[in-house]
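Chain by chain, the residues run as shown.
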Amino acid sequence: MKMIETELLLLRPITRNDNQQVFSYRSDAETNKYQGFIPKTIEEIDEFIAKNPSEFNQPESWFQLVIIEKLSYEIIGDIGIHFIGDDGFQCELGCTLNKLHQGKGYATIAMKATIDYLFNKLNKHRITGSVDPKNNHSIKLLERLKFRKEAHFKESLFINLEWVDDIVYGILKSEWKT
Ligand SMILES: CC(C)(COP(=O)(O)OP(=O)(O)OC[C@H]1O[C@@H](n2cnc3c(N)ncnc32)[C@H](O)[C@@H]1OP(=O)(O)O)[C@@H](O)C(=O)NCCC(=O)NCCS
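Predicted model, so just to flag it, every value in this text is computed and none were measured. (Residues numbered from 1 in each chain as written. Predicted model: local features only at pLDDT ≥ 70, side-chain atom pairs only at ≥ 80, totals over all residues.)

(A) Examining the nonpolar core more closely. Counting residues in hydrophobic clusters, the biggest one holds 33 residues, and the most contacted among them are I67, I79, C95, A110 and M111. Take this core: its biggest share by element is eight residues, from helix α3 (residues 106-121). Here I79 is in contact with L11, L65, I67, L93, C95, A110, M111 and T114, once residues within four sequence places are set aside. (Core = buried A, V, L, I, M, F, W, Y, C linked by C-beta atoms within 7 Å. Buried ≥ 20, exposed ≤ 12 C-beta atoms within 10 Å, placed from the backbone. Helix = DSSP H or I, 4+ residues; strand = E, 2+ residues; numbered from the N terminus. Contact = placed C-beta atoms within 7 Å.)

Dropping the structure here:
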């Protein structure tokens, strides 16, 4: 089921058969060192996929989309959407790309299309991103998309056995220009 399409990319809900491809880049501990979830086995990815809600846009859920490069039809990464709260007006986004496909602008394109969809089709009010201050690529991505830095929390998250800072970026529907 295709959900979002751009000239170069397709985004659709993650499915069971995606496990090998998603595992191949999600298990890369160096690339993903700022993420809480780094699977060591394919079973962990299977559980991650099984947890994906059957419907998009459910209150208090995380929904995972895979990003497919149209040219090769390969899964090159994923976008997680956290539908925050019960009122349905706010989301948080997370994006992960296979290292082989970083530095080509794909995350920017995929995030842009997802944000367009959330603001313009689903009428969301505010979208946020939460990043480790050392995660330069992620910060650059959010700034490229014109998110504003809203907060810097000191040692507010315990990830991979250490307390880490968390920077929150945000953008409102009224600020979003495609
Ligand atoms: C966060 C992440 C997805 C960003 O990936 P990215 O490849 O840097 O982002 P893009 O795909 O948008 O590519 C942008 C880069 O490609 C370059 N680029 C090349 N062609 C481009 C194009 N047509 N359009 C835009 N940028 C282009 C840009 O100059 C930029 O390079 P720079 O960072 O050296 O300035 C990636 O670093 C990642 O997967 N990290 C691990 C997971 C993670 O920590 N995620 C964040 C937690 S939510």
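And the narrative resumes.
(B) Geometry of the sheet that holds strand β5 (residues 90-97). Taken in spatial order, the eight strands make up an open sheet running β1-β2-β3-β4-β5-β6-β8-β7, and their pairing is mixed. Among the strands making up the open sheet, the edge pair consists of β1 (4-5) and β7 (148-159). Where strand β2 (residues 9-13) and strand β3 (residues 61-69) come together, five bridges link them in antiparallel fashion. Note that in β3 the partner of P13 across the bridge is L65. Strands in contact with α3 are β1, β2, β3, β4 (74-84), β5 and β6 (126-131); relative to β5, the strand with the most contacts, it is inclined by about 160 degrees. Seen against the sheet, helix α4 (residues 136-144) touches β5, β6 and β8 (162-172) and runs at an angle of roughly 160 degrees to β6. (Pairing = 2+ DSSP bridges. Axes fitted to C-alpha atoms, helices over the stretch in contact; angles between N-to-C directions.)

(C) Just the pairing of β2, in detail. Sheet topology note: the β1/β2 ladder contains two bridges and is antiparallel. Paired with I4 across the strands is L11, a residue of β2. What sits between the antiparallel neighbours β1 and β2 is a turn of three residues.

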